[in-house]
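Descriptive analysis of the structure
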Amino acid sequence: PELPPKQEQVVHVELGAAHRALYDTVLQRERQKVLGLLEDLDRNRFIVFRSLTLLRMMSLAPSLVDAAHAHIAPSKLSALFDQLDAVIAEGHRALVFSQFTSFLQLAADRLTERGIRHAWLDGSTRDRDRVVRGLREGDAPVFLISLKAGGFGLTLTEADYVFLLDPWWNPAAEAQAVDRAHRIWQDRTVMVYRLIADGTIEEKVMALQQRKARLFQ
């Protein structure tokens, strides 16, 4: 009862034409490969998981799969900054989560191009306490965090906006990430945005999350 309200919204992102065409090509290729492996799923589990991860990365940015596709603009980054620019302009601070540090790096590059200060935390961060202290006491409006690194042990109530750039299989992991901002000592409404690429595997991940949540309830 001490916590302020939390408002959550799913932001549907339409892939650009080039991004869509490439995603659909990779989807057909991976689908054919996976369908041939399902009879012995235990033995082929790693290969299937790799195909699913490839599609998740392709949903975010083709360059994560192949640097030769770097000329194809990631549609989701444009959607992120459509929201983030207004958040920063109004003096708010934001946590930005992704499971893929390579995609967080693309966001960091875009922030640097715009002259927007930001902090970074992932599993390889050595002086974690110093980095977190820098966000809490500094004036950087954006904190980029890998989902696993930010899942526990953090209190970041200085931020009141949370952006989840890609859905994770486990809804509890996402909830833990959001709770970095929505916890005791937070005195503002926390706004949570989940960015989902339409017509991609991300929609399937969201459906799986919902089934898991119903089962838990």
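Residues numbered from 1 in each chain as written. Predicted model: local features only at pLDDT ≥ 70, side-chain atom pairs only at ≥ 80, totals over all residues. Heavy atoms only, no water.

**A word on the nonpolar core**
We apply this condition: By nonpolar core is meant a set of buried Ala, Val, Leu, Ile, Met, Phe, Trp, Tyr and Cys residues that side-chain atoms within 4.5 Å join together. For every residue, the accessible area obtained with a 1.4 Å probe (protein chains only) is divided by the maximum for its type, and the residue is called buried under 20%, exposed over 50%, and partly exposed between those limits. Strands are runs of DSSP state E lasting at least two residues, helices are runs of H or I lasting at least four, and both sets are numbered from the N terminus onward. Contacts are residue-level and defined by heavy atoms, with any inter-residue pair within 4.5 Å sufficient.
Of all hydrophobic cores here, the largest spans 29 residues; its most connected members are L80, L84, V96, F103, L144, F163 and L195. Sorting the residues of this core by element identifies strand 1 (6-13), helix 2 (41-60), helix 3 (75-89), strand 2 (94-98), helix 4 (101-113), strand 4 (142-146), strand 5 (161-164) and strand 6 (190-197) as the ones contributing at least two each. A per-element tally of this core places helix 3 first, with six residues. Setting aside residues up to four positions removed in sequence, L80 forms contacts with V96, A107, F163, L165 and L195. V131, V132, A173 and A181 belong to the second-largest nonpolar core, a separate cluster that totals 25 residues.

**Thoughts on the sheet that holds strand 6**
Counted only if it meets this: Any two strands with at least two DSSP-identified bridges between them are counted as paired. Only the stretch in contact is used when fitting a helix axis, every axis being a line fitted to C-alpha atoms; angles between N-to-C directions are given from 0 to 180 degrees.
Ordered in space as 1-6-5-2-4-3, the six strands form an open sheet in which the pairing is parallel. Only two strands of the sheet have a single neighbouring strand rather than two, namely strand 1 and strand 3 (118-121). Here the average twist between neighbouring strands, direction ignored, is 20°. Relative to strand 6, strand 1 runs parallel, the two being bridged by eight bridges. The partner of Q7 across the bridge, within strand 6, is M191. This element, helix 4, spans strand 2, strand 3 and strand 4 of the sheet and lies at about 165° to strand 4.

**As for the packing of aromatic side chains**
Counted only if it meets this: Pairing of aromatic rings covers Phe, Tyr and Trp, the last counted by its six-membered ring, and requires centre-to-centre distances within 6.5 Å; plane angles under 30 degrees mean stacked, over 60 mean edge-to-face, and any other angle means tilted.
Per the counting criterion, the structure on display carries two aromatic pairs. Ring geometry for Y161 versus Y193: centroids 6.2 Å apart, planes at 10°, classification stacked. Note that Y161 is positioned in strand 5 and Y193 in strand 6, a separation of 32 residues in sequence. Of the two residues examined, Y161 and Y193, each falls in the buried class. When the ring of F163 is compared with that of Y193, the centres are 5.3 Å apart and the planes differ by 15°; the resulting orientation is stacked. In this pair, F163 is assigned in strand 5 and Y193 in strand 6, connecting sequence segments 30 residues apart. The class of Y193 is buried, set by a relative accessible area of 9%. Linked through ring pairs, Y161, F163 and Y193 together constitute an aromatic cluster.

**With respect to the side chain of S146**
With respect to the element layout, S146 can be found in strand 4. Discounting chain neighbours no more than four positions away, the residues touching S146 are F97, S98, T101, L104, L121, D122 and G123.

**Observations regarding the environment of W120**
To keep it simple, the criterion reads: Counted as a polar contact is a pair of N or O atoms within 3.5 Å, where, for protein atoms, one must be capable of donating a hydrogen and the other of accepting one, and residues adjacent in sequence contribute only when both atoms are in side chains.
Along the chain, W120 turns up in strand 3. Counting along the chain gives 35 residues from W120 to D85, while the straight-line C-alpha distance between them is 18 Å. Setting aside chain neighbours within four positions, we find W120 in contact with T101, L104, Q105, A108, T125, V131, F143 and L144. A polar contact is formed between the side chain of W120 and the side chain of D122, at a distance of 3.0 Å.

**Re helix 3**
The condition that has to hold: A helix is expected to reach a length of 1.5 Å times the quantity of its residues less one.
Spanning 15 residues, helix 3 covers 22 Å between terminal C-alpha atoms, matching the ideal 21 Å at 1.5 Å per step. Every buried residue belonging to helix 3 is among S75, K76, L77, A79, L80, F81, L84 and V87, and all of these are buried. Where helix 3 ends, the next residue or the one after it, G91, has phi of about 85°, a positive value.

**Focus: a nonpolar patch on the surface**
For clarity, the cut-off: Patches were defined on residues exceeding 30% relative accessible area and lacking a salt bridge, with like-charge contacts within 9 Å and nonpolar side-chain contacts (Val, Leu, Ile, Met, Phe, Trp, Tyr) within 5 Å. Each accessible area is a Shrake-Rupley result for a 1.4 Å probe, and residues are judged covered by the shown protein chains and nothing else. Any carboxyl oxygen of Asp or Glu that lies within 4 Å of a side-chain nitrogen of Lys or Arg is treated as forming a salt bridge with it.
Together, L3, I184 and W185 line one region of the surface with nonpolar side chains, adding up to about 370 Å² of accessible area. The partly exposed category is assigned to L3, whose relative accessible area is 38%.

**Some points on the confidence of the model for the protein**
Operational definition: A residue's pLDDT is the confidence the predictor assigns to it, expressed on a 0 to 100 scale.
Overall, the prediction assigns the protein a mean pLDDT of 89, with 98% of residues at 70 or greater. For the protein, helix 5 (residues 128-137) is the element with the lowest average pLDDT, namely 78, and helix 4 is the one with the highest, namely 96.

**As for the layout of surface pockets**
Filter applied, for reference: Definitions used for this entry: grid spacing 1 Å over protein atoms alone; cavity, a set of points where a 1.4 Å probe fits but cannot get out; pocket, an open set with protein on both sides within 12 Å along at least 5 of 7 lines; lining residue, one with an atom within 4 Å of a point. Grid points are joined across faces, edges and corners, and a volume is the space filled by probe spheres set on the points. Under the convention adopted here, Pro, Cys and the residues Ala, Val, Leu, Ile, Met, Phe, Trp and Tyr are nonpolar, Asp, Glu, Lys and Arg are charged, and Gly plus all remaining residues are polar.
Of the voids in this model, the largest pocket is the one considered here, and its volume is about 230 Å³. Secondary structure elements with two or more residues in the lining of the largest pocket: helix 1 (17-35), helix 2 and helix 7 (201-216). In terms of residue count, helix 1 provides more of the lining of the largest pocket than any other element does, five residues in total. Tallied by class, the residues present in the lining of the largest pocket amount to seven nonpolar, three polar and three charged.

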